[in-house]
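In case you want the letters, here they are:
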Amino acid sequence: MTIVKLASVSSTNKYCEALDLAQVEDFTCYWALEQTSGIGQRGNHWEAQPGKNLTFSLVLHPTFLPADRQFHLTQALSLALVDFLSFFNFQFSIHIKWPNDIYVDGKKICGTLVSTRLQGSQIAVAICGIGINVNQLEFPDWVPNPTSFGLLTGKEFELEPLLTQLLDCIKKRYMELKSGQDHEPEYLDRLMNLGFPIHYIYKGEGIVATITGIDPYGHLLLTTSDGRHLSCGMKEISLLT
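Residues numbered from 1 in each chain as written. Predicted model: local features only at pLDDT ≥ 70, side-chain atom pairs only at ≥ 80, totals over all residues. Heavy atoms only, no water.

All right, on to the side chain of Ser11 then. Its location among the elements puts Ser11 in the loop between β1 (2-9) and α1 (12-17). On the basis of relative accessibility, which here comes to 2%, the residue Ser11 falls in the buried class. In terms of polar contacts, Ser11 uses its side chain to reach the backbone amide nitrogen of Lys14, at 3.0 Å. (Helix = DSSP H or I, 4+ residues; strand = E, 2+ residues; numbered from the N terminus. Buried < 20%, exposed > 50% of the residue type's maximum accessible area, 1.4 Å probe, protein only. Polar contact = N/O pair within 3.5 Å; in protein donor to acceptor, adjacent residues only side chain to side chain.)

See the structure below:
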């Protein structure tokens, strides 16, 4: 496991995309103290004050995973983040908001963005961008419902020991995935809003639906209040706020 420390980059995922990733060893971490244009899910900006948070990308070579099973990697990463946060006994619930945001006490503390490159039918490389709010106490108004280690505990944390601990959690889950372990039951156990009717926007339509599970490709499975069964990709559905 190698950690490459970067002072400032536009985003760690973009930095990694410019590398010859075939020459980058499995489980190499590129950690930036500052991201000037961090990227979140759905193309959103990831807000992080310089030097306050963990913003990094982990380069993996999960050649054992077929291309259509990328979501299994997402599940493993999400559970590793839950494992990591559970060490700190926040006394609050920790949930995964589909597909891979992590919420503590109903507020977002972490986001993940995974991009892959294929070789034939297998995943050759995965760039796993992760942002965790650590010591940041104030957020812009446009950031929806954020929290951080500092806000949850009233304490300040050293970043590098946290990163090392988190990478150990990821490596454990990654090796479980490599050995063929099924992470879906644990993932569903932590999935936010599972089994509860919630208001969503689905393809521009306001609906009330209940999450019933996840299909093998990572699509969200829901049943609407009028009995329809839906399988939704990330760009097809959003919470009604």
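This paragraph deals with the pattern of salt bridges. Under the counting rule described, the total for this entry stands at nine salt bridges. Two residues, Glu176 and Lys172, come together in a salt bridge whose shortest N-O distance is 2.8 Å. Residue Glu176 and its partner Lys172 are located together in helix α4 (residues 159-178), separated by four residues, close to a single helical turn. For Lys172, a relative accessible area of 49% corresponds to the partly exposed category. Of the charged contacts, one joins Glu236 and Lys203 as a salt bridge, the two residues approaching to 3.7 Å between their closest N and O atoms. Placement of the pair is Glu236 in the loop between β11 (229-232) and β12 (237-239) and Lys203 in the loop between β8 (197-202) and β9 (205-214), with a sequence separation of 33 residues. (Salt bridge = Lys/Arg side-chain N within 4 Å of Asp/Glu carboxyl O.)

Before going further, it helps to spend a moment on the layout of surface pockets. Here the second largest pocket is characterised by a volume of approximately 270 Å³. Residue assignment for the lining of the second largest pocket shows that the elements contributing at least two residues are α2 (70-86) and β6 (107-119). Counting residues per element, the lining of the second largest pocket draws most heavily on α2, at three residues. Split by residue class, the lining of the second largest pocket holds seven nonpolar, seven polar and no charged. (1 Å grid on protein atoms, 1.4 Å probe; cavity = no way out; pocket = protein on both sides within 12 Å on 5 of 7 lines; lining within 4 Å. Points joined across faces, edges and corners; volume = space filled by probe spheres on them. Nonpolar A, V, L, I, M, F, W, Y, C, P; charged D, E, K, R; others polar.)

A few words on the packing of aromatic side chains. Within this structure, the stated rule accounts for 11 aromatic pairs. Measuring from ring centre to ring centre gives 5.8 Å for Phe64 and Tyr174, while their planes differ by 55°; the resulting arrangement is tilted. Of this pair, Phe64 sits in the loop between β3 (54-60) and α2 while Tyr174 sits in helix α4, and the two are 110 residues apart along the sequence. Lying across the ring of Phe27, Lys171 places its NZ or CZ 5.4 Å from the centre. (Phe/Tyr/Trp six-rings, centres within 6.5 Å; stacked < 30°, edge-to-face > 60°. Lys NZ or Arg CZ within 6 Å of the ring centre and 35° of its normal.)

Taken by themselves, the reported measurements are silent on function.
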